[in-house]
Amino acid sequence: MTIELPDSQGRLRAYEPRAEPLALTPGAPFSSRTVFSAAHVVADPYADTSPDAPAAVDWDATLAFRRHLWSHGLGVAEAMDTAQRGMGLDWAGAAELIRRSAAEAKAVGGRIACGVGTDQLAAGSLAEVRAAYEEQLAVVEESGARAILMASRALCAAARGPEDYLETYGHLLRQSAEPVILHWLGPMFDPALEGYWGSSDLDTATDTFLEVVAAHPDKVDGIKVSLLDAGREIDIRRRLPQGVRCYTGDDFHYPELIAGDEKGFSHALLGIFDPLGPLAAEAVRVLDTGDVAGFRGLLDPTVELSRHLFQAPTRYYKTGVVLLAWLAGHQSHFTMVGGLQSARSLPHFARAYELADRLGLFPDPKLAEERMKNLLALYGVAQ
């Protein structure tokens, strides 16, 4: 059996799907690396809503997907940009997601960390930014989850320079109950974050970021770097205080960053580990045995898919992530909060399907093929 897939010029070509998926089984958490998958949310396709209305979430399917990730030993990074924070999911929806997921994590023994931002605030003064962060930090801490201090659009707009970042983050770290993860999200993921840490010069911004960490090493579990710049991440990693982890957020270079070198390695907090969950878990278990070549042999072939999903405009990678979740059978539909299923083209979907199928990511390849054919038919491509 073959499927006709369109390319970027509108030409159709025959592709023969693989017959069998990879044999990947659940397992315990890892010993050599701490690994989180940032997880997407599943929309309620029956809700009578619109793109600018509050998100309607299918809570059962959303939590089931988190149980899937936990079953493979992965941690869940909740209410991050992968969950469409600021792109369909507002703070009220994120707060509910945090409470529900944290409770589910407790029930099944899963590791969880949750995003803390300021998205209930469109714009405001530095005092209002701090108050918004504090409100969200309280929700996460009350849930029992670890907090991830995310980059703030409102802080980026209000800050006059590096000193405002130092003061704001210092204030939050001093009052946090437990060590947090600091997240530097680059403008390729969110254009409103251009110039974060008070400068568009990345060397200057890096110095400010590291100054925050150095001033409060006991309150920083780790840092997540999402700049798609492996060299800069390695430089930052080598400059961290003893005991502060580096979690890679680089969806272009994650295999070599996690594998590391003679001077250290990165842990992981990645959106691409949403669709790659079972395969990524298998690779890290191989790494746990000290087999770096085996780890790279499993994970290196996934980079082509990741680079495709995260191609510019990178912020729309969530669309490909949800497409693959639907094709893999983790949800019954290809609908996203905010209507974001429209954010990528049919040729992009077709290439994502082909690359994922080649990797053996679909537990039921026949189901994935049938669903892809249905999507093609919806766009007018007859099979």
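Residues numbered from 1 in each chain as written. Predicted model: local features only at pLDDT ≥ 70, side-chain atom pairs only at ≥ 80, totals over all residues. Heavy atoms only, no water.

Visitor: Before we go on, may I ask you to explain unusual backbone geometry in this structure?
Guide: What you tend to see is this: most non-glycine residues have negative phi, and most peptide bonds are trans. The linkage connecting Ala 312 with the following residue, Pro 313, adopts the cis geometry, with an omega of -10 degrees. Locating Pro 313 in the fold gives a position in the loop between helix 11 (303-309) and helix 12 (317-327). (Helix = DSSP H or I, 4+ residues; strand = E, 2+ residues; numbered from the N terminus.)

Visitor: Quick question: what am I supposed to make of the packing of aromatic side chains here?
Guide: Between two aromatic rings, the relevant description is the distance of the centres plus the angle of the planes. Taken as a whole and judged by the stated rule, the model has 18 aromatic pairs. Their ring planes at 70 degrees and their centres at 6.2 Å tell us that Phe 189 and Phe 310 sit as a pair that is edge-to-face. Highlighted residues: Phe 189 in the loop between strand 7 (180-185) and helix 6 (202-215) and Phe 310 in the loop between helix 11 and helix 12, separated in sequence by 121 residues. For Phe 189, a relative accessible area of 4% puts it in the buried group. Judged by its relative accessible area of 1%, Phe 310 falls in the buried class. Between Trp 326 and Phe 334, the aromatic rings sit 5.9 Å apart at their centres with planes inclined by 10 degrees, giving stacked as the arrangement. (Phe/Tyr/Trp six-rings, centres within 6.5 Å; stacked < 30°, edge-to-face > 60°. Buried < 20%, exposed > 50% of the residue type's maximum accessible area, 1.4 Å probe, protein only.)

Visitor: Can you help me understand empty space enclosed by the protein in this one?
Guide: Think of a ball as big as a water molecule: rolled over the atoms, this probe shows where empty space is left. Scanning all chains against the criterion turns up one cavity of 30 Å³ or more. As a volume, the largest cavity reaches approximately 80 Å³. Around the largest cavity, the lining comprises 16 residues; the ones closest to its centre are Asp 81, Thr 82, Lys 224, Gly 271 and Tyr 317. Every element with two or more residues in the lining of the largest cavity is listed here: strand 7, strand 8 (220-226) and strand 10 (267-270). Its residues placed into classes, the lining of the largest cavity shows eight nonpolar, five polar and three charged. (1 Å grid on protein atoms, 1.4 Å probe; cavity = no way out; pocket = protein on both sides within 12 Å on 5 of 7 lines; lining within 4 Å. Points joined across faces, edges and corners; volume = space filled by probe spheres on them. Nonpolar A, V, L, I, M, F, W, Y, C, P; charged D, E, K, R; others polar.)

Visitor: Looking at this model, I keep getting lost on the side chain of Lys 318. Mind explaining?
Guide: With respect to the secondary-structure elements, Lys 318 resides in helix 12. For the buried Lys 318, which has no salt bridge, the nearest side chain bearing the opposite charge is Asp 81, at an N-O separation of 4.3 Å. Among residues more than four places away in sequence, those in contact with Lys 318 are Asp 81, Thr 82, Gln 84, Met 87, Met 336 and Leu 340. (Lys, Arg positive; Asp, Glu negative; His and termini not counted. Salt bridge = Lys/Arg side-chain N within 4 Å of Asp/Glu carboxyl O. Contact = heavy atoms within 4.5 Å.)

Visitor: Explanation requested: the side chain of Ser 101 in the structure shown.
Guide: Structurally, Ser 101 is set in helix 2 (residues 91-108). The exposure class assigned to Ser 101 is buried, which follows from its relative accessible area of 0%. Apart from residues lying up to four places away in sequence, Ser 101 is in contact with Leu 63, Arg 66, Trp 70, Glu 78 and Ile 112.

Visitor: When you look at the nonpolar core in this model, what are you seeing that I'm missing?
Guide: One finds Tyr 169, Leu 182, Tyr 196, Ile 223, Phe 273 and Met 372 to be the most contacted residues of the largest nonpolar core, which totals 118 residues. Filtering out sequence-adjacent residues up to four positions away, Phe 273 remains in contact with Val 35, Phe 36, Ser 37, Leu 69, Tyr 254, Ile 258, Ala 268, Ala 280 and Leu 299. Of all hydrophobic cores here, the second largest spans 10 residues; its members include Ala 77, Ala 113, Ile 181 and Tyr 247. (Core = buried A, V, L, I, M, F, W, Y, C linked by side-chain atoms within 4.5 Å.)

Visitor: Please explain the environment of Lys 318 as it appears in this structure.
Guide: Assessed through its relative accessible area of 2%, Lys 318 is described here as buried. For the pair Lys 318 and His 253, spaced 65 residues apart in sequence, the C-alpha to C-alpha distance is 18 Å. Of the polar contacts made by the side chain of Lys 318, one reaches the backbone oxygen of Arg 315; its length is 2.8 Å. (Polar contact = N/O pair within 3.5 Å; in protein donor to acceptor, adjacent residues only side chain to side chain.)

Visitor: What am I meant to see in the layout of surface pockets here?
Guide: Of the voids in this model, the largest pocket is the one considered here, and its volume is about 440 Å³. Taken together, 25 residues make up the lining of the largest pocket; nearest its centre are Arg 85, Gly 86, Asp 119, Arg 153 and Asp 190. Along the lines of polarity and charge, the residues of the lining of the largest pocket split into 12 nonpolar, five polar and eight charged. Around the second largest pocket sit 22 residues that line it, and His 68, Pro 278, His 330, Leu 361 and Pro 363 are the ones nearest its centre. Of all the secondary structure elements, the ones that give two or more residues to the lining of the second largest pocket are helix 1 (59-71), helix 9 (277-288) and helix 12. Partitioning the lining of the second largest pocket into residue classes produces 16 nonpolar, five polar and one charged.

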